[in-house]
Amino acid sequence: SKPVQLSVHLHPYGEGRNLLLSRDITAVEQAEAMRRDFVANVSHEIRTPLTVLAGFVETLQSLPLEEPERQRYLGLMSQQAERMQTLVNDLLMLSRLEGSPLPSAQDWVSVHGLLRQCRQEAGDLSRMLWGETQDIAFDMGEDSEIAGSLTELHSAVFNLIGNAIRYTPADKSIRVVWRASPVGGGMLSVQDTGPGIAPEHLPRLTERFYRIDRSRSRDTGGTGLGLAIVKHVAQRHAAELSIESVPGKGSSFSIFFSPPRVRPTLQPIRLAA
Ligand code: ADP
């Protein structure tokens, strides 16, 4: 972090005090810079599809197009509108997640149920992006229940599966693994055989809008917010996200869920009156 030269003459309380104040101001400045970055990023992400949309509208208004051509333009416009919708949905989700430290619901979420839903959607996404289904194996082990919000957990897990599908070529394989821990909780891991991630990117991957390859991310419908959402959802569910990757071999994104504070299968003991 950059040092802030300030206040040495304003606060004659000794060096310690000056140092403390300088550090506080650095933190405030950093937060402000991050906020500015974020707003700039959001504006840019919205402006790009908007510009394209406005361009198509103008073309449609000014050129007498044949029907097939007109339909093609409308299709492209709908894609841009969809991109903005996805972005706004991700932004709203992230803002809700950052607003409170607790999950939005306290259900007992069956991991098998969650993964079955994801398996269906994974096939659909893979077909849509690649025109065929990649080899996606689900290795589910024993079922277990996780305390928290189904909506949030689904969003986190499907973000990881979606990334694996989007960054792994069609002829390569993906594995989704669940291993329940005997004491509750467990590990959910999404492993791909895609391009992998160079070690210098790993620490920044969960930052909002951090992308290694911008155009690759955008072309496949990425908003750059997915892993930030995953990290927040994990934190809110007392879980931890761990990323391992070997460039050229593939990546593995794992969420470690700690045992719940109350075991779902245990009923409270009733004392006889
Ligand atoms: P995006 O919408 O761009 O995918 P994410 O936050 O989900 O945003 O991911 C951030 C970046 O991390 C991506 O842009 C991509 O560069 C990289 N990434 C994420 N998942 C993978 C993966 N499975 N394989 C390779 N790179 C990945």
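Going by the structure above, here's the rest.
Presented here is an overview of the structure given in this document. Since we're looking at a predicted model, the values are computed, not measured.

About the thresholds
- Residues numbered from 1 in each chain as written.
- Predicted model: local features only at pLDDT ≥ 70, side-chain atom pairs only at ≥ 80, totals over all residues.
- Heavy atoms only, no water.
- Helix = DSSP H or I, 4+ residues; strand = E, 2+ residues; numbered from the N terminus.
- Buried < 20%, exposed > 50% of the residue type's maximum accessible area, 1.4 Å probe, protein only.
- Contact = heavy atoms within 4.5 Å.
- Areas by Shrake-Rupley, 256 points an atom, 1.4 Å probe, with all protein chains shown as cover.
- Core = buried A, V, L, I, M, F, W, Y, C linked by side-chain atoms within 4.5 Å.
- Phe/Tyr/Trp six-rings, centres within 6.5 Å; stacked < 30°, edge-to-face > 60°.
- Lys NZ or Arg CZ within 6 Å of the ring centre and 35° of its normal.
- 1 Å grid on protein atoms, 1.4 Å probe; cavity = no way out; pocket = protein on both sides within 12 Å on 5 of 7 lines; lining within 4 Å.
- Points joined across faces, edges and corners; volume = space filled by probe spheres on them.
- Nonpolar A, V, L, I, M, F, W, Y, C, P; charged D, E, K, R; others polar.
- Near = heavy atom within 4 Å.
- Polar contact = N/O pair within 3.5 Å; in protein donor to acceptor, adjacent residues only side chain to side chain.

**Notes on the overall build of the protein chain**
Within the protein chain, the regular secondary structure consists of six helices and seven strands. When burial is assessed residue by residue, the protein chain has 39% of its 273 residues classed as buried. Put simply, of all contacts in the protein chain between residues at least 6 apart along the chain, 71% involve residues at least 24 apart. Just so you have it, the protein chain exposes about 16,500 Å², and 56% of that area is on carbon and sulfur atoms.

**Quick word on the nonpolar core**
Ranked by internal contacts, the top residues of the largest apolar core, which has 47 residues, are Leu115, Ile161, Leu188, Ile255 and Phe257. The element that contributes the greatest number of residues to this core is helix α4 (residues 150–167), accounting for eight residues. One finds Leu53, Phe56, Met77 and Met84 within the second-largest nonpolar core, a separate group that totals five residues.

**Comments concerning the packing of aromatic side chains**
Per the stated rule, a full pass over the model turns up three aromatic pairs. Both rings, one in Phe56 and one in Tyr73, keep their centres 5.2 Å apart while their planes meet at 90°; by these two values the pair is edge-to-face. Of the two residues, Phe56 sits in helix α1 (residues 15–62) while Tyr73 sits in helix α2 (residues 67–99), which places them 17 residues apart along the sequence. As far as the burial class goes, Phe56 and Tyr73 line up, both buried. For Arg208, the ring lying beneath its charged end belongs to Phe38, and the centroid distance is 4.0 Å.

**Examining empty space enclosed by the protein**
One pass over the structure, following the stated rule, counts two cavities of 30 Å³ or more. Put simply, the largest cavity is a space of about 50 Å³. Along its surface, the largest cavity is lined by Glu45, Pro49, Arg83, Met84, Leu87, Arg211, Gly222 and Thr223. Counting residues per element, the lining of the largest cavity draws most heavily on α2, at three residues. Its residues placed into classes, the lining of the largest cavity shows three nonpolar, two polar and three charged. Its boundaries defined by the atoms lining it, the second largest cavity holds a volume of some 30 Å³. As for the second largest cavity, its lining consists of Leu153, Ala156, Val157, Val233, Ala234, His237, Ile255 and Phe257.

**Regarding the site of the ligand**
Residues in close proximity to the ligand total 19 residues, the closest being Tyr167, Asp192, Ser217, Gly224 and Leu227. The contact in question runs from a nitrogen atom of the ligand to an N or O atom on the side chain of Asp192, over 2.7 Å. Gly226 has a polar backbone atom sitting 3.3 Å from an oxygen atom of the ligand. Those elements that provide at least two residues to the shell around the ligand are α4, α6 (226–236) and β7 (250–257).

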